[in-house]
There are 2 protein chains.
Amino acid sequence: MQTEYSESFQGRLRSMLSPQTVAVVGASNNTEKLGYHVMKSLFRGGFPGRIIPVNPGSDSVLGLPAFQSLSACEQPVDLVIVVVPSGLVLSVLQEAADLDVRGLVLITAGFKEIDDPAGEKLQSTARELARSKGLPVIGPNTFGAVNLRAGLNATFTPEFSNLKAGDISLVSQSGGIAHLLAFLAENQGVGMGKVIGLGNRLTVDFADMVRYLADDPETSVIAMYLEGVDNPRSLIAAAGEVRGRKPIIAYKAGDSGGGDQVSRSHTGSLAGNKALYQGAFRQAGIHPARSSQELLDLARTFRVCPRLGGPRIAVLSGQAGPNMTALDVLEAEGLTLAQFGRSTRKKIHELLPPLALRDNPVDMGPAWYSTEAVQGIVGAVLEDSGVDGILVLTMYASANREVLPGLTDFFLNWGQKKPLITCFLSPKGIWDEPLAALEEQKGIVNLPTPEQAAQAMAGLWKHSLS
Amino acid sequence: MQTEYSESFQGRLRSMLSPQTVAVVGASNNTEKLGYHVMKSLFRGGFPGRIIPVNPGSDSVLGLPAFQSLSACEQPVDLVIVVVPSGLVLSVLQEAADLDVRGLVLITAGFKEIDDPAGEKLQSTARELARSKGLPVIGPNTFGAVNLRAGLNATFTPEFSNLKAGDISLVSQSGGIAHLLAFLAENQGVGMGKVIGLGNRLTVDFADMVRYLADDPETSVIAMYLEGVDNPRSLIAAAGEVRGRKPIIAYKAGDSGGGDQVSRSHTGSLAGNKALYQGAFRQAGIHPARSSQELLDLARTFRVCPRLGGPRIAVLSGQAGPNMTALDVLEAEGLTLAQFGRSTRKKIHELLPPLALRDNPVDMGPAWYSTEAVQGIVGAVLEDSGVDGILVLTMYASANREVLPGLTDFFLNWGQKKPLITCFLSPKGIWDEPLAALEEQKGIVNLPTPEQAAQAMAGLWKHSLS
């Protein structure tokens, strides 16, 4: 069952995810059909190419002329999205293969994941057909695929198009987790590139996506959610091939015995032992995440931060409490508080009033009103050769409103010499703009809590050691 | 240094936090002064009583007539907020005591927390003075205190008044962490009751606040953030006295050696060993939290959920992936998957189509379009005597938009027979209203991720065992 990775397979994958023309087989005007939601998604995404609804029972779908079949379209089709019942899938696949389309997103369920040998058999037959033609098929049993830079929302969820376009790409075995991560990303203002639901992985598996995304100039970080992998060796091999080109982070669920049972029914594979996977993944340079939120935090961190040259961290804050919580995490994860050099200490003593806490961790609270002082302290710490990474933690408090806007230009121009992770938190609307500006410029990663910021620094340290 | 807990001390504490008249000593028109921000906060909170600015250098502050001194007000004052420099604090304290005010919020810093013996001495003198008069003093070195039900924002941060009024009360040793938790609560739509910053704890310590909040009819859950406690026995004793009346949750930072150093400088106390505290806390019925976010998640959960009668959990979802991640957490925390009884299985088999995953965990995805089926499944599981607690995890996906609105009435009327924790997540704006309605009615706790929902169920289990 080894998939062949010919150049043309990868070329087809690329084309199908940046298509000129998309056909929706099973497009529907009926709002209770997924074929309706898929059409809405394509519209909502603002797809700039041609959309062709295929439905033998309709003359038009959502205002577009509909065709009786794929072959009736009489023009080249790059991507075919399939939402017909499973009994019709083999004939659609055959037709698509005959027309030499680039590839398919097979949303239809009722394959290997169901509690019936017929599902397994259908999947096996469909796979043989697709493989014999070298046809990339994402799915079956998937929500679909999104390419935000191409305006392609080939899913049954129009709201994926609400996402900010970015360069973190997600490959998920589970549609539920892909939706979860997308909505967390939206809430936290995180930009995404591709969001791909692999489902039962007919001919497109994690290994294929790793190769594709490693080559994709619009992707900086590859984030994956896995339950079971039929062919872990192929994923390890693919990760090894592209090692060092961009960070790969994997959140692997299915530790529990119960989880195995779910996974078997969910996307038709055994989840297997998480510890075994983690060891193999680490060796292949795949960084493990332990939760959905951590997957997102680490993707954002690895996207922005250079490697951590050592474990010595400086903690600068606008209040002492957040420092304490971050220190607890840093220490538990084996990182240490940096000892400042003489010139750093001198500079900080000049800039902070007497009696303030001026050694690492530094409480910059007393300098709230002076952007110059805060910039001077952060700058001195960045230059200190005894400091490997920096956390800056500041909760909004009315009197310190100007602290973040005052640091924006500084952060944008500091050159990312060392990893810098922040937690600037304000009520809605106050620091949204400066934070969005920083995020856009790749200058900074700002995480939701001090503990998450410290945890991400620890993740970066482990990643830097690998 | 044992504080005396006379009835009048608690009575004064109650009065000062639900005051009729508030004086601000150090009120200012200068936007760079905390005395300006405190006045803004009182206005923003819509304080319904009388506000009296005291400033010998001004005739009026923000449009209100200002007085030269506290005694010049010539009327009873319940709460005095102090924002003058530390050198003036003793005379203000003496004046307040002579006028028999109910209590003070002493925002001014420069006491035990500074790197100078004069600070320690000032604190000690001020404490003797306040204690000799039985005067509750919150602070010094605090952001202040908020009572959302009384429209009282006695802090330097007007945005605390953006919080939704609720019945989770927070007592924090750190201003930074109180701000963090308040903004997380605002973002996550969580209602808060009192938010109190204890700072250096002149005469009001955690023990006093535990007694006060245990008696407070507007507080359902007491959440605390601690670094060090000068007198842990008094806190343990207070928690023991009020044990069983309402849940108490404590997030204790300061595990690390570095943390001890910060805490000494931060609010003038040693952080001490977290493990020791946790043992003592558990014995007193204080539940530990391990992060800011978990403190909030547990407070919301304990507020709503009855005790968990056993470790057998049902997991119902709209997608299989979230189930897997929740199962991993449940298993790691010692909870188990419930075995459904015969009638539950029969009911689920009737309501879900064949081939769907119908044992625990149940994937209700195939029933998305049928509110009746989803209600039937959840109802059957609630009635199953083999089920102790229930997780319901559903990510929005366009086609399932009506699932949550369809469950709202059901959830509101189900009578909270067993703990039920959900993770319903949608893009902004889609499920906000039904979720807010459920939160208001105390019917449900909806957490941000499936992993957090499972973690909160595990916390509830530990809490139920204590």
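Here goes a summary of the coordinates provided.

### Overview of the overall build of chain A
Each helix and strand counted, chain A has 16 helices and 20 strands in total. Against the 2.2 N^0.38 benchmark of 23 Å for 466 residues, chain A shows a C-alpha radius of gyration of 25 Å, consistent with a compact globule. On the principal axes, the C-alpha backbone points of chain A span a range of 80 × 45 × 35 Å. Residue burial in chain A is summarised as follows: out of 466 residues, 65% are buried. For chain A, contacts bridging at least 24 residues in sequence account for 77% of all contacts bridging at least 6.

### So, the interface of chain A and chain B
Counting residues at the interface gives 69 residues for chain A, matched by 69 residues for chain B. The junction of chain A with chain B conceals about 5300 Å² of combined surface from both sides, 66% of it contributed by carbon and sulfur atoms. For the pair chain A and chain B, the interface holds 2 salt bridges. Across the contact surface, chain A and chain B share 10 residue pairs in polar contact (both at pLDDT 80 or more). For the side of chain A that touches chain B, the secondary structure elements donating two or more residues are helix 2 (34-44), helix 5 (175-187), strand 13 (248-252), helix 8 (257-267), helix 11 (320-332) and helix 16 (450-465) of chain A.

### Notes on the packing of aromatic side chains
Taken as a whole, this structure holds 14 aromatic pairs over all chains when the rule is applied. A ring pair is formed by Phe411(A) and Phe424(A), whose centres lie 6.3 Å apart and whose planes are at 65 degrees; its orientation type is edge-to-face. In this pair, Phe411(A) sits in helix 14 (residues 403-413) while Phe424(A) sits in strand 19 (residues 420-425), placing the two residues 13 residues apart along the sequence. By the burial criterion, Phe411(A) is buried, and Phe424(A) matches it. Taking 5.8 Å as the distance between ring centres and 85 degrees as the angle between the ring planes, the aromatic pair formed by Phe424(B) and Trp431(B) counts as edge-to-face.

### Comments concerning the sheet that holds strand 5 (residues 79-82) of chain A
Residue and element names in this part refer to chain A. Overall, parallel pairing links the 5 strands, which are arranged 2-1-5-6-7 in an open sheet. In the strand order of this sheet, the two ends are held by strand 2 (50-54) and strand 7 (137-138), each with one partner. In this structure, strand 5 lies alongside strand 6 (residues 103-106), joined through 4 bridges in parallel fashion. Across the sheet, leucine 79 pairs through a bridge with glycine 103, a residue of strand 6.

### Comments concerning the pattern of salt bridges
Residues and elements named next belong to chain A. Counted by the stated rule, this structure contains 28 salt bridges over all chains. Here aspartate 216 and lysine 194 are joined by a salt bridge, their closest N and O atoms 2.7 Å apart. Highlighted residues: aspartate 216 in the loop between helix 6 (206-215) and strand 12 (221-226) and lysine 194 in strand 11 (residues 192-197), separated in sequence by 22 residues. In this structure lysine 194 comes out as buried when scored by relative accessible area, which is 2%. Each of Arg290, Glu294, Glu333 and Lys462 takes part in a single network of salt bridges with overlapping partners.

### Thoughts on the nonpolar core
If you look at the biggest cluster of nonpolar residues, it comprises 279 residues, and the most contacted ones within it are Met224(A), Leu391(A), Met224(B) and Leu391(B). Sequence-distant contacts of Met224(B), defined by excluding residues within four places in its chain, comprise Leu170(B), Val171(B), Phe206(B), Val210(B), Leu235(B), Ile248(B), Ile249(B), Ala250(B), Tyr251(B), Ile286(B) and Leu295(B).

### Focus on the side chain of Asp78(A)
Residue and element names in this part refer to chain A. Secondary-structure assignment places aspartate 78 in the loop between strand 4 (64-65) and strand 5. Of the polar contacts made by the side chain of aspartate 78, one reaches the backbone nitrogen of threonine 21; its length is 3.0 Å. Aside from chain neighbours lying at most four places away, what touches aspartate 78 is Ser15, Met16, Pro19, Gln20, Thr21, Val101, Arg102 and Gly103.

### Focus on the environment of Ala320(A)
All names here are of chain A. For alanine 320, the location among the structural elements is in helix 11. Accessibility expressed as a relative area gives 3% for alanine 320, which makes it buried. It is 13 Å that separates the C-alpha atoms of alanine 320 and alanine 397, two residues lying 77 residues apart in sequence.

### What about the state of the cysteines?
Where two cysteines share a covalent bond between their sulfur atoms, that bond is called a disulfide. According to the stated counting rule, one finds 0 disulfides over all chains in the structure shown. Between Cys423(A), a free cysteine, and Cys305(A), which holds the nearest cysteine sulfur, the sulfur-to-sulfur gap is 14 Å.

### What about the packing of helix 5 (residues 175-187) of chain B against helix 10 (residues 292-304) of chain B?
Residue and element names in this part refer to chain B. Between helix 5 and helix 10, whose axes approach to 10 Å, the crossing angle comes to 55 degrees. One finds that helix 5 runs oblique with respect to helix 10. The two elements helix 5 and helix 10 meet at a crossing, and its hand is right-handed. Here Leu180, Leu181, Leu184 and Ala185 of helix 5 lie close against helix 10, whose contacting residues are Ser292, Gln293, Leu295 and Leu296.

The rules behind the values
Residues numbered from 1 in each chain as written. Chains lettered and ligands numbered in written order. Predicted model: local features only at pLDDT ≥ 70, side-chain atom pairs only at ≥ 80, totals over all residues. Heavy atoms only, no water. Helix = DSSP H or I, 4+ residues; strand = E, 2+ residues; numbered from the N terminus. Rg over C-alpha atoms; globule rule 2.2 N^0.38 Å. Buried < 20%, exposed > 50% of the residue type's maximum accessible area, 1.4 Å probe, protein only. Contact = heavy atoms within 4.5 Å. Buried area = accessible area lost by both parts, 1.4 Å probe. Salt bridge = Lys/Arg side-chain N within 4 Å of Asp/Glu carboxyl O. Polar contact = N/O pair within 3.5 Å; in protein donor to acceptor, adjacent residues only side chain to side chain. Phe/Tyr/Trp six-rings, centres within 6.5 Å; stacked < 30°, edge-to-face > 60°. Pairing = 2+ DSSP bridges. Core = buried A, V, L, I, M, F, W, Y, C linked by side-chain atoms within 4.5 Å. Disulfide = S-S within 2.5 Å. Axes fitted to C-alpha atoms, helices over the stretch in contact; angles between N-to-C directions. Parallel < 35°, antiparallel > 145°, perpendicular 65-115°, else oblique. Left-handed = near helix turned anticlockwise from the far one by under 90°.

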